Amino acid sequence: MAQLLLVSNDVAAGAERSLPVLALLPHDIHLVGADTQALTESARADLVVLDGRSDLAGARMMARLFQSSGSTVPLLLVLAESGLAAVAADWGISDMVLDTCGPAEFEARIRLLVTAAANDGLISSGGIVIDDAAYSVMLDGEPLDLTYTEFELLKYLVQHPGRVFSREHLLADVWGYDYYGGTRTVDVHVRRLRAKLGPEHEALIGTVRNVGYRFSPDAGVRR
């Protein structure tokens, strides 16, 4: 059971009515408004759930406030599908989820974020261990020599195992909206990453035809 801090403009409705899916999960939920009080309250939380459905600009401001304060509590942004195009990597969120998702997906995202935070910044999946603080990556105990962008791309994929991301989505979240290059650069970096992972592990980054890429931790060693 995790301690969740729900940050929302809809405080009057209460946590269960503000985001009903949370009431179906086995966690303790504390609801606060989207203001500086949330920073103080987050010190006792395992995860901050940031409600950006009705005020995406306000959610962005809160996310950046958490980021600038040096908070290490993971941030899970909840938003409507219409808000996807606005979210960028510089918001400082740990993950995001659509408000239409079911309790199983919501619970999975909470579990992954809380577990990652408990591992002191270590992200581990498919034999890859990423130390975000040290900007280092180990594959089966051996270090990988990655560029900054390669590191960020691999980290993003590993943090979302099984999810398929389009090239446009990866450009927006890893390179940022101020990058003006084409989607071809994603293919180039994926190819370089696979080369560094080696033939035994290159299948960890899978291609979904006509869609994009995903990290498949159960891809195993190629025989």
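Attention in this report is confined to the structure presented alongside it.

### Some thoughts on helix α5 (residues 148-159)
Step number 1: Taking 1.5 Å of rise per residue, 12 residues should cover 16 Å, and α5 covers 16 Å from first to last C-alpha, within 8% of that figure.
Step number 2: Counting buried residues along α5, nine of its 12 residues qualify, which places the element largely inside the surrounding structure.

### Some remarks on the packing of aromatic side chains
Step number 1: Taken as a whole and assessed by the stated rule, the structure comprises three aromatic pairs.
Step number 2: Ring centres 4.5 Å apart and planes at 40 degrees place the aromatic pair Tyr135 and Phe151 in the tilted group. With a gap of 16 residues between them, Tyr135 in the loop between β7 (128-131) and β8 (136-139) and Phe151 in helix α5 connect regions that are remote in the sequence.
Step number 3: Taking the relative accessible area as the measure of exposure, Phe151 reaches 3% and is therefore buried.
Step number 4: With a centroid separation of 5.0 Å and 55 degrees between ring planes, the pair formed by Tyr156 and Phe165 is classed as tilted. For the residue pair Tyr156 and Phe165, the accessibility class agrees, reading buried in each case.

### As for the sheet that holds strand β3 (residues 47-51)
Step number 1: The strand order β2-β1-β3-β4-β5 describes an open sheet built from five strands, whose pairing is parallel. The open sheet is flanked by β2 (28-32) and β5 (95-98), the only strands paired with a single partner. In this sheet, adjacent strand axes meet at a mean angle of 25 degrees when their direction is disregarded.
Step number 2: By the bridge criterion, five bridges tie strand β1 (residues 3-7) to β2 in an arrangement that is parallel. Within β2, the position partnered with Gln3 by the bridge is Asp28.
Step number 3: Of the strands in this sheet, β1, β3 and β4 (75-79) are in contact with helix α3 (residues 56-69), which crosses β3 at around 155 degrees.

Conventions we followed
Residues numbered from 1 in each chain as written. Predicted model: local features only at pLDDT ≥ 70, side-chain atom pairs only at ≥ 80, totals over all residues. Heavy atoms only, no water. Helix = DSSP H or I, 4+ residues; strand = E, 2+ residues; numbered from the N terminus. Expected span 1.5 Å × (residues − 1). Buried < 20%, exposed > 50% of the residue type's maximum accessible area, 1.4 Å probe, protein only. Phe/Tyr/Trp six-rings, centres within 6.5 Å; stacked < 30°, edge-to-face > 60°. Pairing = 2+ DSSP bridges. Axes fitted to C-alpha atoms, helices over the stretch in contact; angles between N-to-C directions. Contact = heavy atoms within 4.5 Å.

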